[in-house]
Amino acid sequence: MSLLTVDEKDTAELPKTTHGVDAKGRRITQIVVTVGFLAVAAMLFLLIISAPVEDPARIALGPVSLNNFFLWMGALHPLVQIPVVLLVFGLVVGIVLVLIEYAPRPGRGYFIMRLVACLVIPVLALMLLRPYANAVLYVVAIALLSGALLFFADYRSRQGAGYLFQLILFMAPAAIMLLLGLIYPAISTFIKSFFDKTGDEFVGFENYVWVFTNPVGTWSVINTLIWALLAPTISVAFGLAYAVFIDRARGEKILKVLVFMPVAISFVGAGIIWKFMYDYRQGEQIGLLNAIVTMFGGDPVSWLAVKPLINTLMLLVVFIWTQTGFAMVILSAAIKAVPTEQLEAAELDGTNAWQRFWNVTVPGIRSSLIVVLTTITIASLKVYDIVAVMTGGRDDTTVLGFEMVNQQQRFQSYGHSSALAVVLFLFVLPLIIYNARSLSKQREIR
Amino acid sequence: MSATEAIVRDTRTKRQVARDTRRNEAIAHKKLTSKGATIAAAIIAVFWTIPTFGLFVTSFRPGADTQSTGWWTAFTNPEFTFSNYVEALNAGGTSTTLATAFVNSLAITIPATVFPIVIAALAAYAFAWIDFKGRNMLFVFVFALQIVPLQMALVPLLSLFSEGLTINGVMIFPGLTLNDVEFSFARVWIAHAIFALPLATFMLHNFIAEIPGDIVEAARVDGAGHGQVFFRIILPLAMPAIASFAIFQFLWVWNDLLVATIFASPGALPITQALNSLSGTWGNRWFLQSAGTFISIIVPLIVFFALQRFFVRGLLAGATKG
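The numbers attached to residues start from 1 for each chain and follow its sequence in the written order. Starting at A for chains and at 1 for ligands, labels are handed out in the order in which the entities are written. Totals for whole chains, interfaces and linings use every residue, but because this is a predicted model, local features are given only for residues with pLDDT of at least 70 and side-chain atom pairs only at 80 or more, for both listing and counting. Side-chain metrics rest on all non-hydrogen atoms present in the structure, leaving aside hydrogens and water.

1. Observations concerning the overall build of chain A
Our working definition: Strands are runs of DSSP state E lasting at least 2 residues, helices are runs of H or I lasting at least 4, and numbering of each runs from the N terminus. Partly exposed describes any residue whose relative accessible area lies between the buried limit of under 20% and the exposed limit of over 50%, with all areas from a 1.4 Å probe on protein chains only and scaled to the type maximum. Note on contacts: a residue pair qualifies if any of its non-hydrogen atoms lie within 4.5 Å across the two residues. Accessible surface area values rest on a Shrake-Rupley calculation with a 1.4 Å probe, where residue burial reflects the displayed protein chains alone.
A count of helical and extended segments in chain A gives 18 helices and zero strands. Counting the 446 residues in chain A, one finds 47% classified as buried. Within chain A, residue pairs in contact and separated by at least 24 positions form 69% of the contacts whose partners lie at least 6 positions apart. For chain A, the exposed surface amounts to about 21,600 Å²; the carbon and sulfur share of it is 70%.

Below is the structure:
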């Protein structure tokens, strides 16, 4: 079989191989890829069932490893690290782009380059991770085999050699990070939620029972529901009202900036700003809220300690304060996109301002309203910082997002923590499903 | 002569039309807005600003004054100082001063903004311009990954970093030994990059997919591969979207507390974390807390005021389309 059956004249067109185009070639490719895939799976299986080795020796690739690189970086001054790491990152991305560019070109040189890249990249990547002595043979073998498999599948690909290689280079960084950083951890958390504190013993639904019966767990569920119901509705209502008020008003820009500014302030900053507002002491008040209360002859209130729910509402105020600006800006732009003619036509029909708003403006900005509502709801479900800064979850103010970290860090209770995270996941689920469905509907239309 | 006359008459009618339009607009404007609404808006704006303003005033008042009187008394009894800021910057948190934490925040935020955007742009390009089986489903799946709350991924990711991945006693990835390294930001960078990916891919894809196909095809016919098309055509054209997302990512990472709490090594804590632990030890010393808070929000506020035009535009590119 000649390795170079690529038509050299076809460079202007998308490069194509003759391989795998006819039915027979495709069948052969399919068989080889399937067999290769099975072989990789078998080797992984062997790796897993092979007996554990005590105290494995480390295989080093000279001093070059990801860990050593990060160790070396850690000794530098923080400000020096910025350009260094950006340079290294740029270099890696540059190599990827060069490979992408040259991969699909026909010719012996590019063919060899592709072959080498397919075999070397997986091995190099695994060596950078410092595999241990007993694993290294398997790991290198698996890397080589999957590299060869990729190369073969790519070479026989229907869209031409180099097509799969390109696609994988484009997607691999994101795919690997998402796989290791979101998908694997989510599954792992889900499994851990059925095990006890340390993760050794299977306890079934015990952790979930804890969530819904222990006061800490139930308060976190109740408070999270309160957050998810009140925070988006109130901040969107305020944001919408404000956007309507300032629409075409004098000094619109300044008015917009003033309300939008809290969006840029961290929850930690916002928490401290509001803790100052809520400040409570005997005698002369320095917190504005209690100063107003005492001015009218009331007794100062320790706002963040009033149970039940008052203190949660006080935390909610902070969240609403930061999110209203976000809602306002998006809704304001949507309102500007509502045609003036419609409003004027409605006015000629003798409607009042309220009817115009309800029957013309609101339907016109419906999709923006939904986007803003979902975004803020998700943000309020995941809230952590405000509770951590202002009350630390004391006096029944805890929420799922905070309590989960609290259980893990303070009580080292991984089971409870995981169960809380899964409950949080279940709360977010319907919102994203709704959005993903409308997204895929949109893409079908396109 | 008649030609000139015609031109003069023409300009006159043009002016007349412009004037009429302006007047009509003004009338329509008046009819559709009310004074009451403007006043209501102004009142809300003032209420929205008071909390920040109060803390801002406090941060400049002498310590003894802030302990005994409200910040509003500063208007009748003005006395201001910068010493709070100096003292706050040098105050020690858990293991760093606020000034060090400020530098740490910069070192965390800038790479953590660049990494996810580049990686997401690569993936977004593939989703938009390379045809493959199951492309739409995979894209919706990546979008749906926002389902996974940060909290759910934290603990396993942390153990992946510190203990590595062991399958039945065979260690495949031994983890990174970065716990005690003084200025190691690696884990925070990686974590932030991962958590930003779904949204970044989604938003950049929305923009990159809208770029006219003719441009891309023309470049392909001229012999450019995907690498060149991506680097020389897509990236420059997508700059507005990239810039606006970058501003967002910058603000999110700078303002983050949760990820840093979990992943930062003791010497590499960002300013939000330092401020949070300091506000506990500072207790009632509001002159320090307020100064510290303003040190922490100065960078986001600068970014916000300098770039808010792009900020709002970029927000809309991603948000209202979704």
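That covers the picture; the talk isn't over yet.
2. Overview of the overall build of chain B
The secondary structure content of chain B amounts to 14 helices and two strands. Put simply, chain B has 322 residues, and 55% of those count as buried. The long-range fraction of contacts in chain B, counting pairs at least 24 apart against all pairs at least 6 apart in sequence, stands at 70%. Accessible surface computed for chain B: about 13,800 Å², of which carbon and sulfur atoms make up 65%.

3. Quick notes on a nonpolar patch on the surface
Residue and element names in this part refer to chain A. Rules: Here, patches come from residues exposed beyond 30% relative accessible area and free of salt bridges, joined within 9 Å for like charges and within 5 Å for nonpolar side chains (Val, Leu, Ile, Met, Phe, Trp, Tyr). Salt bridge, as used here: a side-chain nitrogen of Lys or Arg that lies within 4 Å of a carboxyl oxygen of Asp or Glu.
There is a patch of nonpolar side chains on the surface, built from Leu229, Leu230, Ile234, Phe238 and Leu313 and spanning about 420 Å² of accessible area. Mapping Leu313 onto the fold places it in helix α12 (residues 310–337). The exposure class assigned to Leu313 is partly exposed, which follows from its relative accessible area of 37%.

4. Side note on the side chain of Lys275 of chain A
Inspection of the secondary structure assignment puts Lys275 of chain A in helix α10 (residues 267–277). Contact partners of Lys275 of chain A, with chain neighbours within four places excluded, come to Leu304, Val389 and Met390 of chain A together with Ser279 and Trp286 of chain B.

5. Remarks on the environment of Pro215 of chain A
All names here are of chain A. Within the element layout of this structure, Pro215 appears in helix α8 (residues 215–246). According to the relative accessible area criterion, Pro215 is exposed, its value standing at 52%. Each C-alpha atom of the pair Pro215 and Asp396 lies 8.4 Å from the other, and the pair is 181 residues apart in sequence.

6. Here's the deal with the packing of aromatic side chains
Pairs of aromatic rings are described using the distance from one ring centre to the other and the angle between the two planes. Here is the rule we go by: Only the six-membered ring of Trp is used, alongside the rings of Phe and Tyr, when aromatic pairs are assigned; centres must lie within 6.5 Å, and planes under 30 degrees apart are stacked while those over 60 apart are edge-to-face, with the rest tilted.
Counted under the stated rule, the structure contains 34 aromatic pairs over all chains. Centroid distance Phe276 of chain A to Trp286 of chain B: 4.8 Å. Interplanar angle 50°. Geometry classified as tilted. Here Phe276 of chain A, found in helix α10, pairs with Trp286 of chain B, found in helix α14 (residues 286–319), and the two come from separate chains. Both residues of the pair, Phe276 of chain A and Trp286 of chain B, belong to the buried class. Judged by centre distance (5.3 Å) and plane angle (80°), the ring pair of Phe56 of chain B and Phe60 of chain B falls under edge-to-face. Taken together, Phe127, Phe132, Phe139, Phe143 and Phe202 of chain B form an aromatic cluster joined through their ring pairs.

7. Quick notes on the interface of chain B and chain A
Operational definition: Here's the idea: put two parts together, see how much 1.4 Å probe accessible area each one loses, and the total over both is what we call buried area. For this analysis, a polar contact is any N or O atom pair within 3.5 Å, provided that within protein one partner can donate a hydrogen and the other can accept it, and provided that sequence-adjacent residues contribute only side-chain to side-chain pairs.
With 134 residues of chain B at the contact, the number on the chain A side is 128 residues. In this assembly, chain B packs against chain A so that about 11,600 Å² is buried in total across both faces, 75% of it on carbon and sulfur atoms. The interface formed by chain B and chain A holds zero salt bridges in total. Inspection of the region where chain B meets chain A yields eight residue pairs in polar contact (both at pLDDT 80 or more).

8. With respect to unusual backbone geometry
Residue and element names in this part refer to chain A. Backbone geometry places Asp395, a non-glycine residue, at a positive phi of 55°. On the secondary structure map, Asp395 appears in the loop between α16 (385–390) and α17 (400–409). Among the residues examined, Asp395 registers a relative accessible area of 28% and is labelled partly exposed. A positive phi angle, near 60°, is found at Asp396, a position not held by glycine. For Asp396, the position within the fold is in the loop between α16 and α17.

9. Remarks on the domain arrangement of chain A
Put simply, the rule is: In this entry, domain limits derive from an automatic or database-based domain assignment.
The domains assigned to chain A are domain 1 (23–187) and domain 2 (207–445). Summarising the inter-unit geometry, the C-alpha centres of domain 1 of chain A and domain 2 of chain A are found 43 Å apart.

10. Re the pattern of salt bridges
What the rule picks out here adds up to one salt bridge over all chains. Where Arg135 of chain B meets Asp131 of chain B, a salt bridge forms, and the shortest distance between an N and an O atom there is 3.8 Å.

11. Quick look at the confidence of the model for chain A
Residues and elements named next belong to chain A. Stated precisely, the cut-off is as follows: Scored from 0 to 100, pLDDT records how confident the predictor is in each individual residue.
When pLDDT is averaged across chain A, the result is 78; 87% of the residues are at 70 or more. Least confident of the elements in chain A is helix α5 (residues 133–155), whose mean pLDDT is 73; most confident is α8, at 89. Here residues 1–18 scores under 50 on pLDDT; set against residues more than four positions off or in separate chains, the count is 27 contacts.

12. What to know about α12 of chain A
All names here are of chain A. For the record, the criterion: Multiplying one less than the number of residues by 1.5 Å gives the expected span of a helix. To get the bend at a given residue, fit one axis to the seven residues ending there, fit another to the seven starting there, and take the angle between those axes.
Taking 1.5 Å of rise per residue, the 28 residues of α12 would be expected to cover 40 Å, and the 39 Å separating its terminal C-alpha atoms lies within 8% of that figure. Residue Gln323 marks the point of greatest curvature in α12, where the axis turns by about 30°. Counting buried positions over the 28 residues of α12 gives 22, a clear majority of the element.

13. Description of the UniProt feature "transmembrane region" (unreviewed entry) in chain B
Test applied: UniProt positions are given in the numbering used here, feature names are shortened, and annotations may be inferred rather than shown by experiment.
The feature "transmembrane region" (unreviewed entry), as annotated in UniProt, sits at residues 39–60, 106–130, 137–161, 188–208, 229–254 and 286–307 of chain B in this numbering. With 96% helix and 0% strand, residues 106–130 of chain B has end C-alpha atoms that lie 36 Å from one another.

14. Describing the UniProt feature "domain: ABC transmembrane type-1" (unreviewed entry) in chain A
Per the UniProt entry, the sites bearing "domain: ABC transmembrane type-1" (unreviewed entry) are residues 221–435 of chain A in this numbering. Taken end to end, residues 221–435 of chain A comprises 73% helix and 0% strand; its first and last C-alpha atoms sit 23 Å apart.

15. Overview of the domain arrangement of chain B
By a frequent convention, interface size equals the accessible area lost on bringing the separate parts together. Residue and element names in this part refer to chain B. Here chain B is partitioned into domain 1 (11–80) and domain 2 (82–320). Taken together, the contact pairs ten residues of domain 1 with eleven residues of domain 2. Where domain 1 abuts domain 2, roughly 900 Å² becomes buried across the two surfaces, and 68% of that area is made up of carbon and sulfur atoms. Where domain 1 packs against domain 2, one counts zero salt bridges. Within the residue set of the side of domain 1 that touches domain 2, elements represented by two or more residues are α2 (35–59) and α3 (63–68). No other element matches α2, which puts five residues into the side of domain 1 that touches domain 2.

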